[in-house]
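Each chain is listed here by its residues.
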Amino acid sequence: FPTRRSSDLITGTNNGSASALSLQGAITANTNVDITGTNTDTGNATAAVYSNKSINATNGTVSITGNATKGLGLNLLGDVTAKGKVDISGTSSETSSNSMGVLIQNKVESQTGIINLTGVTNAANQPAVSLFYNGNVSNGELKTTNNSININADTLYIDSNKATVNAGTGTVTKIGRAHV
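Sequence order sets the numbering: in each chain, residues are counted from 1 along the sequence as written. Per-residue local features are limited, in this predicted model, to residues with pLDDT of at least 70; the limit for side-chain atom pairs, both in listing and counting, is 80 or more; totals at the level of whole chains, interfaces and linings are taken over all residues. Where side-chain values are given, they derive from all heavy atoms of the structure, hydrogens and water being excluded.

A. Layout of the sheet that holds strand β3 (residues 27–29). An order of β3-β6-β9-β12-β17-β19 is seen for the 6 strands of this open sheet, with the pairing classed as parallel. Edge positions in the open sheet fall to β3 and β19 (164–166), since each of these has one partner strand only. When the angles between neighbouring strand axes are averaged without regard to direction, this sheet yields 5°. At least two bridges found by DSSP between two strands is the condition for calling them paired. Helical segments are the DSSP runs of H or I of at least four residues, strand segments are the runs of E of at least two, and each set is numbered from the N terminus. With 4 bridges joining them, strand β12 (residues 107–110) and strand β17 (residues 141–144) adopt parallel strand pairing. Counted as the bridge partner of Lys-107 is Glu-141 from β17. Axes here mean lines fitted to C-alpha atoms, for a helix over just the part in contact, with angles spanning 0 to 180 degrees between N-to-C directions.

B. Expanded view of the nonpolar core. Ranked by internal contacts, the top residues of the largest apolar core, which has 31 residues, are Ile-64 and Leu-142. Ranked by residues supplied to this core, first place goes to strand β18 (residues 149–158) with 5 residues. By definition in these notes, contact holds between two residues if any of their heavy atoms fall within 4.5 Å. Those residues within four positions of Leu-142 in sequence are excluded, and the remaining contacts are Ile-104, Val-108, Ile-115, Leu-117, Leu-131, Ile-149, Ile-151, Thr-164, Val-165 and Asn-166. What makes a nonpolar core is a set of buried Ala, Val, Leu, Ile, Met, Phe, Trp, Tyr and Cys residues whose side-chain atoms join them at distances within 4.5 Å. Only protein chains enter the accessibility calculation, which uses a 1.4 Å probe; a residue is then buried when its area is under 20% of its type maximum, exposed when over 50%, and partly exposed in between.

C. View of the confidence of the model for the protein chain. Within a predicted model, pLDDT stands for the predictor's per-residue confidence, ranging from 0 to 100. Taken residue by residue, the protein chain gives an average pLDDT of 82. The fraction at 70 or more is 81%. Scored below 50 in pLDDT, residues 1–8 shows 11 contacts in the model against residues more than four places distant or in partner chains.

D. Seen up close, the pairing of β12. Looking at chain direction, strand β9 (residues 80–82) and β12 are connected through 3 bridges and run parallel. Across the sheet, the residue bridging to Val-80 is Val-108, located in β12.

E. Region of interest: the environment of Ile-149. Mapped onto the fold, Ile-149 is located in strand β18. Sequence separation of Ile-149 and Val-165 is 16 residues, and the distance between their C-alpha atoms is 8.2 Å.

F. Just the pattern of salt bridges, in detail. One speaks of a salt bridge when a side-chain nitrogen belonging to Lys or Arg is within 4 Å of a carboxyl oxygen belonging to Asp or Glu. On inspection of all chains with the given rule, the structure shows 2 salt bridges. Between Asp-87 and Lys-85 there is a salt bridge; the shortest N-O distance is 3.4 Å. Residue class for Asp-87 comes out partly exposed when judged on its relative accessible area of 23%. Taking the shortest distance from any N to any O, the salt bridge between Lys-107 and Glu-109 comes out at 3.2 Å. Classification of Lys-107 by relative accessible area gives partly exposed; the value is 25%.

Next up, the structure:
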C-alpha cells in the first residue's frame, strides 16, 4: 500500500534563469498543500514561486513559501483556498532589484481558519507585500470568515482600485508600516 501523507508537499530549488517553481496547473488536495521554492540565481530577477492557477486544500491547510536571492519571493496570480489555515511567506533578498517579497493578484481565502502573511524585501523602492488589482483579470484579496488575518511586513501596498482585506467580524493585524 502507498504511504498516506498528511500533506501534499511540492518543493523546488533553482539557481538558473527561471522560477524555482512555476505552477501552471491547478493544485487540488483533500488534505494539506505545502509549497516551498528557493531561487538562488543572482543574475535574473525571477520568482521563487510563481502560480497562475488555483491552489486548493478542500479539507486542510495551505502553506506557500518562496525565497529569492533576486526577484519575487512569491507571485500568486491564481487563487488560493483552504478549509483551514493559510500561511504565505515570501522573501526577496536583492537590494538592487525591484522585487517584492509577496505579490498577490487574486483571492487568498481561509474558509474556517486564519491567514498569516509575511513578506520581506531588501529593495528600497518596492513593498514587502502587495495586494494588486490586475485589470479585468483579478483582484488581490485576503478573506476569512470571521477569523484573523495577520500581515507581517515592513511595507504593505493595497491597490486602491479593487484589492481588499476582509476578515468578516474577525480581526486584521498589520505589523510594520502600510502604504496604500
